[in-house]
Amino acid sequence: MLTKRIIPCLDIKNGRTVKGVNFVDLRDAGDPVALAKQYADQGADELVFLDITATLEARATTLEMVLHVAEQVNIPFTVGGGISSVEHVDALLKNGADKVSINSSAVKRPELVNELADKFGSQCVVVAIDAKQIDDEWFVHLAGGTIPTDIKLFEWAKEVEDRGAGEILFTSMNHDGTKGGFANEALAKLSELLNIPIIASGGAGQVQHFIDTFEKGKSDAALAASVFHFGEIPIPELKKQLKANHIEVRI
Amino acid sequence: MKLVIINYGAGNIKSIQFAFNRLGYDALLSNDPEEIKSADKVIFPGVGEASSAMKMLKESGLDKLIPTLKQPVLGICLGMQLMCLHTEEGDTAGLGIFQTKVKRFSNDVKVPQMGWNVIKELKSDLFKGIKDKEYMYLVHSFYAEHCNETIAATDYEINYASALQHENFYGTQFHPEKSGKEGAKILKNFLEL
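As a convention, each chain's residues are numbered from 1 in the sequence order in which they are written. Each chain gets a letter, beginning with A, and each ligand a number, beginning with 1, in the order they are written. For a predicted model such as this one, the threshold for reporting local features is a pLDDT of at least 70, and the threshold for listing and counting side-chain atom pairs is 80 or more; totals across whole chains, interfaces and linings nevertheless cover every residue. As a convention, hydrogens and water are excluded, and side-chain values are obtained from all of the structure's heavy atoms.

Strands are runs of DSSP state E lasting at least 2 residues, helices are runs of H or I lasting at least 4, and numbering of each runs from the N terminus. What chain A contains, in helices and strands, is ten helices and eleven strands. Against the compact-globule benchmark of 18 Å for 251 residues, chain A has a radius of gyration of 17 Å, which places it among compact chains. The principal-axis extents of the C-alpha atoms in chain A amount to approximately 45 × 45 × 35 Å. Throughout, exposure labels follow a simple rule: accessible area from a 1.4 Å probe, protein chains only, divided by the maximum for the residue type, with under 20% read as buried, over 50% as exposed, and the rest as partly exposed. In chain A, which comprises 251 residues, the share counted as buried stands at 60%. Only heavy atoms matter for contacts: two residues are in contact if any of them lie within 4.5 Å across the pair. For chain A, the proportion of contacts with a sequence separation of at least 24, taken over those separated by at least 6, is 64%. We get accessible surface area from the Shrake-Rupley algorithm with a probe of 1.4 Å; when it comes to residues, only the shown protein chains can shield them. Of the accessible surface of chain A, which amounts to about 10,200 Å², a share of 50% is contributed by carbon and sulfur atoms. When charges are counted, neither His nor the chain ends are considered; positive counts come from Lys and Arg and negative counts from Asp and Glu. Taken as the charge centre is NZ of Lys, CZ of Arg, CG of Asp or CD of Glu, depending on the residue. Side chains of chain A give 25 positive and 36 negative charges; the mean places of these two sets differ by 2 Å. When we talk radius of gyration, it's over C-alpha atoms, and the globule rule is simply 2.2 Å times the number of residues to the 0.38.

So, in structure tokens, the structure goes:
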């Protein structure tokens, strides 16, 4: 049976991981390669690197980092952040990234999803959607959730699926950072509406939240950052508990 | 050992090259028939869409060369699918090495299948030291139907062939290069065939 995936997300700036990472046995917590290897050894199913580098010049550093991760890490990884062209994706994939994640650039120019799916295949195109629930309606937000739009979440998700997205990474702005659980109602609706895998993001605080998002939210994968980085939920323990709750995971 | 990865424009061959590097082997990327013919082991990768991949193979004459190879050849993912008789993806005729057809999963399940699933009923030296129901990483919308050449099976919507073998030709639907330590073991087994 296909298992549910656990995905740590690493923020990258100028080729280094940012947002403190609290791994006692890592000599350099800022080294994305060392961190990625550690997560792979702990049983992470995939990794997501989110590039928050602001300048174009620094992009070369990120490309180099991608190459080093591909060299040393034996599980799949996605790279996202500031990707807006076929050429950029080509370079990332050539350096060994398995998938790319696009967000604002897809909203600004939806054809990008078609172009990437046609050229590289749907399997490597993840569309990340940040949305906020306002009066019972979910609206897509851009630029890390700071810019609201009048685009409705479910319509947009369906559109990107039709355009060739292979996967949706959905972050609820209402839940992100709260550690109060994932947006399971919206996630379940996405899963029913679409026929591609849905990754839940935003709100992980306890093991129960992961159980809930797989059961109630019908999520195919769950992504989290701080609970993993700070060792609040060790991945082996998380997977053990998921298994004990009859959720199929790779151990 | 001379190890060649067929480079015909299909994506993500870097991962395969790096996976062999981690095992201590250099792999040459090439589409030169002489290089490929003289290799001890050949990897036939593939990520992307079947009909355009087949078109690229034909343009370089590799479609004629690959079925004539005598050394162990390992097709991965789309590489394996293209070694079959036919694939529904783009209604594409394959190389006809494996006597089976490739079909699309129905929309009763999420497509692509993406993630870790088990391989079972293992039947080849390729899987020496791999336990039955080991997890491998898969990402695909099309699957090979079972045939006499099935050497591993996986369940997703139906029970299908997740690996095939015909004489010196091997194919895996999963990505051993992305399947952690156990995946690396399979690549090592291939090198030791």
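Picking up after the structure, the text goes on.
Of regular secondary structure, chain B possesses six helices and 13 strands. Whereas a compact globule of 193 residues would reach a radius of gyration of roughly 16 Å, chain B reaches 15 Å, a difference of no more than 12%. Reported as C-alpha extents along the three principal axes, the dimensions of chain B are approximately 45 × 35 × 30 Å. Among the 193 residues that make up chain B, the fraction classed as buried is 59%. Taking as baseline every contact in chain B between residues at least 6 positions apart, the subset at least 24 positions apart corresponds to 69%. Working note: accessible area of chain B is about 7,200 Å², and carbon and sulfur atoms make up 48% of it.

All names here are of chain B. Within the secondary structure, Leu 65 sits in helix H4 (residues 62-65). Between the alpha carbons of Leu 65 and Pro 33 there is a distance of 7.2 Å; along the sequence they are 32 residues apart. Excluding anything up to four places from it in sequence, Leu 65 contacts Pro 33, Ile 36 and Lys 37.

All names here are of chain A. UniProt positions are given in the numbering used here, feature names are shortened, and annotations may be inferred rather than shown by experiment. Per the UniProt annotation, the sites labelled "active site" (unreviewed entry) are Asp 11 and Asp 130. Relative to the assigned elements, Asp 11 resides in strand S1 (residues 5-13). Looking at Asp 11, the relative accessible area reads 11%, which means it is buried. Inspection of the secondary structure assignment puts Asp 130 in strand S6 (residues 125-134). Overall, the relative accessible area of 10% leaves Asp 130 in the buried class. Within the local environment of Asp 130, its side chain forms a polar contact with the side chain of Asn 103, the two groups lying 3.3 Å apart. Think of a polar contact as two N or O atoms within 3.5 Å of one another; within protein, one of them needs to be a possible hydrogen donor and the other a possible acceptor, and neighboring residues in sequence only count if both atoms come from side chains.

Residue and element names in this part refer to chain B. The feature "active site" (unreviewed entry), as annotated in UniProt, sits at Cys 77, His 175 and Glu 177 in this numbering. In terms of the greatest pairwise C-alpha distance, the residues named above, spread along 101 residues, form a tight cluster of at most 11.0 Å across. Relative to the assigned elements, His 175 resides in the loop between strand S13 (169-172) and helix H6 (180-191). Once residues within four sequence positions are removed from consideration, His 175 is found in contact with Val 47, Ile 76, Cys 77, Tyr 137 and Val 139. Counting through the fold element by element, Glu 177 comes out in the loop between S13 and H6. Glu 177 sits in the buried class, given a relative accessible area of 5%. Side-chain polar atoms of Glu 177 contact the side chain of His 175, separated by 2.7 Å.

On to the interface of chain B and chain A. Contact with chain B, which involves 28 residues of that partner, is made by 40 residues of chain A. Accessible area that two parts lose when put together, with a 1.4 Å probe and added across both, is what the buried area reports. For the chain B and chain A pair, buried surface summed over both sides reaches about 2,600 Å², with 53% attributable to carbon and sulfur atoms. On the chain B side of the interface with chain A, the three residues burying the most area are Lys110(B), Met114(B) and Trp116(B), jointly 30% of the side's total. Only one rule defines a salt bridge in this text: a Lys or Arg side-chain nitrogen within 4 Å of an Asp or Glu carboxyl oxygen. Note that Lys178(B) is salt-bridged to Asp98(A), the shortest N-O span being 2.8 Å. The biggest single contributor to the side of chain B that touches chain A is strand S8 (residues 113-119) of chain B, with six residues. Gly counts as polar in this scheme, as do all residues outside two lists: the nonpolar Ala, Val, Leu, Ile, Met, Phe, Trp, Tyr, Cys and Pro, and the charged Asp, Glu, Lys and Arg. Looking at the side of chain B that touches chain A residue by residue, the classes come out as twelve nonpolar, nine polar and seven charged.

We now examine helix H10 (residues 235-244) of chain A. Three or four residues apart is the spacing at which side chains of an α-helix point the same way, because the helix has 3.6 residues per turn. Residues and elements named next belong to chain A. For H10, the full list of buried residues reads Ile 235, Leu 238, Lys 239 and Leu 242. End-on, the buried residues of H10 take up no more than an arc of 95 degrees, which puts them together on one face. Pointing more than 90 degrees away from the buried face of H10 are the exposed residues Lys 240 and Ala 244. His 246 sits one or two positions beyond H10 and adopts a positive phi of about 65 degrees. Of all possible arcs, the one meant is that of the directions from the helix axis to the C-beta atoms.

Counting through the fold element by element, Thr172(B) comes out in strand S13. Among the polar contacts made by the side chain of Thr172(B), one reaches the main-chain carbonyl oxygen of Phe174(B) at a distance of 3.0 Å.

Time to look at the state of the cysteines. Put simply, a disulfide is two cysteine sulfurs that come within 2.5 Å. In total, this model carries zero disulfides over all chains according to the counting rule given. The structure places no disulfide on Cys124(A), whose sulfur is separated from the nearest cysteine sulfur, that of Cys77(B), by 12 Å.

Residue and element names in this part refer to chain B. Taken as a whole and assessed by the stated rule, the structure comprises 25 salt bridges over all chains. Glu 34 is paired through a salt bridge with Lys 37; the nearest N and O atoms lie 3.5 Å apart. A residue pair is termed a helical-turn pair when its members lie 3 or 4 positions apart in one helix, as Glu 34 and Lys 37 do in helix H2 (residues 33-37) at three residues. Its relative accessible area of 51% is what places Glu 34 among the exposed residues. Judged by relative accessible area, which is 46%, Lys 37 ranks as partly exposed. Salt-bridge contacts for Lys 120 lead to Asp 155; the nearest nitrogen and oxygen are separated by 2.4 Å.

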